[in-house]
Amino acid sequence: MAERPEDLNLPNAVITRIIKEALPDGVSISKEARSAISRAASVFVLYATSCANNFAMKGKRKTLNASDVLSAMEEMEFQRFVTPLKEALEAYRREQKGKKEASEQKKKDKDKKTDSEEQDKSRDEDNDEDEERLEEEEQNEEEEVDN
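What you see is a predicted model; the values in this text were computed from it and never measured. (Residues numbered from 1 in each chain as written. Predicted model: local features only at pLDDT ≥ 70, side-chain atom pairs only at ≥ 80, totals over all residues. Heavy atoms only, no water.)

Q: How would you explain unusual backbone geometry if you had to name every residue and give the values?
A: Located in the positive-phi region is Lys60, a residue other than glycine, with phi close to 55°. The phi dihedral of Glu77 falls on the positive side, at around 65°, and the residue is not glycine. One can find Glu77 in the loop between helix H3 (66-75) and helix H4 (82-146). Of the residues examined, Glu77 reaches a relative accessible area of 65% and is grouped as exposed. (Helix = DSSP H or I, 4+ residues; strand = E, 2+ residues; numbered from the N terminus. Buried < 20%, exposed > 50% of the residue type's maximum accessible area, 1.4 Å probe, protein only.)

Q: Give me the lowdown on the packing of helix H2 (residues 31-58) against H3, citing residues and values where you can.
A: For the pair H2 and H3, interaxial distance at closest approach is 8 Å and the crossing angle is 115°. Taken as axis vectors, H2 and H3 run roughly perpendicular relative to one another. Between H2 and H3 lies a crossing of right-handed hand. Contacts between H2 and H3 involve Phe44, Ala48, Cys51, Ala52, Phe55 and Ala56 from the first element and Asp68, Val69, Ser71, Ala72, Met73 and Glu75 from the second. Across the contact of H2 with H3, the residue classes break down as nine nonpolar, one polar and two charged. (Axes fitted to C-alpha atoms, helices over the stretch in contact; angles between N-to-C directions. Parallel < 35°, antiparallel > 145°, perpendicular 65-115°, else oblique. Left-handed = near helix turned anticlockwise from the far one by under 90°. Contact = heavy atoms within 4.5 Å. Nonpolar A, V, L, I, M, F, W, Y, C, P; charged D, E, K, R; others polar.)

Q: Give me the packing of aromatic side chains: which residues, what numbers.
A: Here a ring pair, both rings aromatic, is described through the centre-centre distance and the interplanar angle of the planes. This structure, assessed with the given rule, holds two aromatic pairs. An angle of 85° between the planes, with centres 5.3 Å apart, marks the rings of Phe44 and Phe78 as edge-to-face. Linking Phe44 in helix H2 with Phe78 in the loop between H3 and H4, this pair joins segments that are 34 residues apart in sequence. With a centroid separation of 5.5 Å and an interplanar angle of 40°, the aromatic rings of Phe78 and Phe81 are classed as tilted. On the basis of relative accessibility, which here comes to 28%, the residue Phe78 falls in the partly exposed class. Since its relative accessible area comes to 35%, Phe81 is described here as partly exposed. (Phe/Tyr/Trp six-rings, centres within 6.5 Å; stacked < 30°, edge-to-face > 60°.)

Dropping the structure here:
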């Protein structure tokens, strides 16, 4: 846990970006207002985390999961955020699934390439052995002819 209250604040750059995206063009915000929003956001995150942790503890778990956060939103009377959060969670899961599948496909392709290269190398070695055997046989034949 944080030792100083300042450690609990969200990064200013993140807060500034969120504020700029939320406000219409041409609207500015004072440093004091930005600081107040930053503190409010930090308090909200801490409160939501605490509520979600209570749900995890009720489930005898030490790890918070998405359902804990959604339940916390409802308990905090932020029901109108539950649907957008569920949609964002589904989009995140689809994205992660796509990344996982792409990673698995890349690994399969790499394994296929490695297998193909090993087969090529094995064929080359077999060809080298065949060539050596032929050369040896030719030498033996030449020696027999000489004898």
